[in-house]
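Commentary on secondary and tertiary structure
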Amino acid sequence: MFDFVKWILLVHVVTTWYMIGLIWFVQVVHYPLLAAVGREQFTDYERRHVASTTWVVGPPMLLELFSAVFLLWVRPASIELWLVWVGLIALLLIWASTFFLQVPCHEKLSRSFDESAHRQLVRTNWLRTIAWSIRGLVVILMQNA
């Protein structure tokens with residue numbers, strides 16, 4: 001028999017761990033290498049990066065957010081409410097960081113390579129990397145509850 005709540009939890013776990021793998025790759029490999037693109041090609045590269053990345057991160061981030069909010073209402077009794085809230089707060093921090101810290105850096109970099117904006121992008125992205133890693137621990141605890 002189909003268990004909708006288990007399916008929502010599975011979507012939540014899978015999207016969170018997908019994003020964890022992606023954010024660690026971006027943090028350790030991709031963002032640091034932006035400095036090596038070359039100034040002449042950088043603007044085109046950055047614009048293409050932003051456009052392509054939207055399709056890779058948008059759907060899983062939205063599924064992760066919707067499933068996190070949905071778990072507030074359909075939380076299995078075995079999952080402590082505080083776990084759902086910790087995960088959701090970390091997710092809201094990730095979204096806030098994305099829109100208020102990383103997006104402005106990408107907007108500046110889309111106009112031209114700027115060492116300060118690049119350093120700020122790499123430095124502030126640690127917030128998302130750590131928050132998603134915490135979420136990974138939270139969803140493991142949820143899955144095993």
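Refer to the structure above for everything that follows.
The notes below deal with the structure included here. (Residues numbered from 1 in each chain as written. Predicted model: local features only at pLDDT ≥ 70, side-chain atom pairs only at ≥ 80, totals over all residues. Heavy atoms only, no water.)

1. Focus: the overall build of the protein
To keep it simple, the criterion reads: Helix and strand definitions follow DSSP, with helices as H or I runs of at least four residues and strands as E runs of at least two, each counted in order from the N terminus. Contacts: residue pairs with any heavy atoms within 4.5 Å of one another. Accessible areas in this description were obtained via Shrake-Rupley with a 1.4 Å probe; residue shielding takes into account the shown protein chains only.
Across its full length, the protein holds four helices and zero strands. Starting at the N terminus, the α and β elements of the protein follow one another as α-α-α-α. Expressed as lengths along the three principal axes of its C-alpha atoms, the size of the protein is roughly 55 × 25 × 20 Å. Of the contacts made within the protein by residues no fewer than 6 positions apart, 79% connect residues no fewer than 24 positions apart. Accessible surface, the protein: about 8400 Å² in total, of which carbon and sulfur atoms supply 70%.

2. Structural notes on the side chain of T16
Inclusion rule: Identification of polar contacts relies on pairs of N or O atoms within 3.5 Å, with a donor-acceptor requirement for protein atoms, meaning one able to donate a hydrogen and the other able to accept it, and with residues adjacent in sequence counted only if both atoms are side-chain atoms.
On the secondary structure map, T16 appears in helix α1 (residues 4–33). Within the local environment of T16, its side chain forms a polar contact with the side chain of R135, the two groups lying 2.9 Å apart.

3. Some remarks on the nonpolar core
As a reminder of what qualifies: Put simply, buried Ala, Val, Leu, Ile, Met, Phe, Trp, Tyr and Cys residues joined by side-chain atoms within 4.5 Å make one nonpolar core. Residue exposure (1.4 Å probe, protein chains only): buried if accessible area is under 20% of the type maximum, exposed if over 50%, otherwise partly exposed.
With 13 residues, the main nonpolar core has M19, M61, L91, I94, W95 and W132 as its most contacted residues. Those elements that place two or more of their residues in this core are α1, α2 (39–74), α3 (81–111) and α4 (115–143). For M61, the contacting residues outside a window of four places in its chain are M19, I94, W95, T98 and W132.

4. Notes on the packing of aromatic side chains
So the rule is basically this: In this scheme Phe, Tyr and Trp rings, the latter by its six-membered ring, pair at centre separations within 6.5 Å, and the angle between planes marks the pair as stacked below 30 degrees, edge-to-face above 60, and tilted otherwise.
Using the criterion set out here, one finds five aromatic pairs in the structure. Both rings, one in F4 and one in W7, keep their centres 6.2 Å apart while their planes meet at 25°; by these two values the pair is stacked. With F4 and W7 both in helix α1, this residue pair falls three residues apart, about one helical turn. Judged by its relative accessible area of 40%, F4 falls in the partly exposed class. Where F4 meets F70, the ring centres are 5.6 Å apart and the plane angle is 90°; that geometry is what we call edge-to-face. Of this pair, F4 sits in helix α1 while F70 sits in helix α2, and the two are 66 residues apart along the sequence. Grouping aromatic residues by their ring pairs yields a cluster made of F4, W7 and F70.

5. Quick word on the environment of T98
One can find T98 in helix α3. Under the relative-accessibility criterion, T98 is labelled buried at 10%. Leaving out residues up to four positions away in the same chain, T98 has contacts with M61, V103, P104 and R128.

6. Brief notes about α3
The following threshold applies: What a helix should span is 1.5 Å times the count of its residues minus one. Here the bend at a residue means the angle between the axes of two seven-residue stretches, the one that ends at it and the one that starts at it.
Taking 1.5 Å of rise per residue, the 31 residues of α3 would be expected to cover 45 Å, and the 44 Å separating its terminal C-alpha atoms lies within 8% of that figure. In α3, a bend of some 40° at T98 exceeds every other bend along the element.

7. Here's the deal with the pattern of salt bridges
We apply this condition: The salt bridge definition used is simple: a Lys or Arg side-chain nitrogen within 4 Å of an Asp or Glu carboxyl oxygen.
Evaluation of the coordinates by the stated rule reveals four salt bridges. The partner of R135 in a salt bridge is E64, and the shortest N-O contact between them spans 2.9 Å. Taken together, the residues span a long stretch of sequence, with R135 in helix α4 and E64 in helix α2 at a distance of 71 residues. The pair formed by R135 and E64 is uniform in burial state, with each residue classed as buried. With a shortest N-O distance of 3.8 Å, R119 and E115 are connected by a salt bridge. In this pair, R119 and E115 are both assigned in helix α4, four residues apart and thus about one turn of the helix distant.

All we've got here are geometric facts, nothing functional implied.
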